[in-house]
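# Descriptive analysis of the structure
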Amino acid sequence: MISKQVFNRMVYFYTVPYLVLLTVVLGMLYMYPKIELHLLLNSYHTSFLDTFFKHYTVLAEWPLYIVALLPLLWKKGKITLYYAISEVAGGIFVQLLKHLFSSDRPVSVFENSHLVLPLVQGVEMHHSNSFPSGHSSTFFMFFTCCAIVLAYYYSKDNKPHTLRTRILFNASLLLLLFLAALGAYSRVYLSQHFLSDICVGSIIGFTTPFLMFYFCERKLLKSKNKEIK
């Protein structure tokens, strides 16, 4: 089981920053109308950012799934299984909500207004099933799984850690959260989703790995104990 000390660090350096970010996003959603907020978040474009976000967002379509298979190389198949269970559970929930709400994407909404929507050349635009964002869910799903697995193995020896190790662990958690948030924002930058879409997608992607770990932890412990022996 993740030790209380390590779990507290994970709370401080992954969960709390996420909740702060979520609070800021919810505040923005409350203060600004949807279209105005989208233009505000999408007002600054450069050729570098266009290229970066166009390629970074693709990570959620298949590269992250390939990375999730890497534990198999070290005979840690149950870690890959944990990624898969989390992604499938969250993905099913996202798809149910998408088809339940069947909301329009930004490009469709802006077609009926006089406002000009900044678009990135070479990006295929989607028009329906905007809420919630599946890409945002996948980004948060993957990196939250990484954070939990990192904390799990960080605590396995129950020995005091050096200052350097603690700093690297905490910095790694913050980096994982940043990468997840960056992937979610890419969907707004590319005008594939509104902020509300990525907000709910991130909540699903953030909570599902914790729920799945709660149910899978005993199996992971069993696997880990065999490895230690």
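Being a predicted model, the structure only gives us computed values, none of them experimental.

### Brief notes about the overall build of the protein chain
Summing up its helical and strand segments, the protein chain has nine helices and zero strands in all. Counting from the amino terminus, helix and strand elements in the protein chain follow one another as α-α-α-α-α-α-α-α-α. For the protein chain, whose C-alpha radius of gyration is 19 Å, the value lies close to the compact-globule estimate of 17 Å for 229 residues. Overall size of the protein chain, expressed as C-alpha extent along the three principal axes, is 65 × 35 × 30 Å. Sorting the 229 residues of the protein chain into buried and exposed places 43% on the buried side. The contacts of the protein chain with a sequence gap of at least 6 include a subset with a gap of at least 24, amounting to 86%. Of the roughly 12700 Å² of accessible surface on the protein chain, a fraction of 68% belongs to carbon and sulfur atoms. Side chains of the protein chain give 20 positive and 11 negative charges; the mean places of these two sets differ by 20 Å.

### A short note on the state of the cysteines
Scanning the model with the defined rule gives zero disulfides in all. With no disulfide of its own, Cys146 has Cys145 as its nearest cysteine by sulfur position, at a separation of 7.0 Å.

### Quick look at unusual backbone geometry
Each neighbour pair has its own omega, and for Phe131 with Pro132 the value is -10 degrees, a cis peptide bond. Residue placement: Pro132 occurs in the loop between helix 6 (106–111) and helix 7 (134–154). Even without glycine at this site, Asn129 takes up a positive phi of about 55 degrees. Looking at where Asn129 falls in the secondary structure, it is placed in the loop between helix 6 and helix 7. The backbone of Ser191 sits at a positive phi, close to 60 degrees, despite the residue not being glycine. If you trace the backbone, Ser191 turns up in the loop between helix 8 (163–189) and helix 9 (195–228).

### Side note on the confidence of the model for the protein chain
Considering every residue of the protein chain, the mean pLDDT works out to 90; 90% of them sit at 70 or more. Confidence, read as mean pLDDT per element, is least for helix 9 in the protein chain (80) and greatest for helix 3 (residues 47–56) (97).

### Notes on a nonpolar patch on the surface
On the surface, a nonpolar cluster with roughly 510 Å² of combined accessible area is contributed by Trp62, Tyr65, Ile66, Leu69 and Leu72. Locating Leu72 in the fold gives a position in the loop between helix 4 (63–67) and helix 5 (77–101).

Criteria and thresholds
- Residues numbered from 1 in each chain as written.
- Predicted model: local features only at pLDDT ≥ 70, side-chain atom pairs only at ≥ 80, totals over all residues.
- Heavy atoms only, no water.
- Helix = DSSP H or I, 4+ residues; strand = E, 2+ residues; numbered from the N terminus.
- Rg over C-alpha atoms; globule rule 2.2 N^0.38 Å.
- Buried < 20%, exposed > 50% of the residue type's maximum accessible area, 1.4 Å probe, protein only.
- Contact = heavy atoms within 4.5 Å.
- Areas by Shrake-Rupley, 256 points an atom, 1.4 Å probe, with all protein chains shown as cover.
- Lys, Arg positive; Asp, Glu negative; His and termini not counted.
- Charge placed at Lys NZ, Arg CZ, Asp CG, Glu CD.
- Disulfide = S-S within 2.5 Å.
- pLDDT = per-residue confidence, 0-100.
- Patch = residues over 30% accessible without salt bridge, like charges linked within 9 Å, V, L, I, M, F, W, Y side chains within 5 Å.
- Salt bridge = Lys/Arg side-chain N within 4 Å of Asp/Glu carboxyl O.

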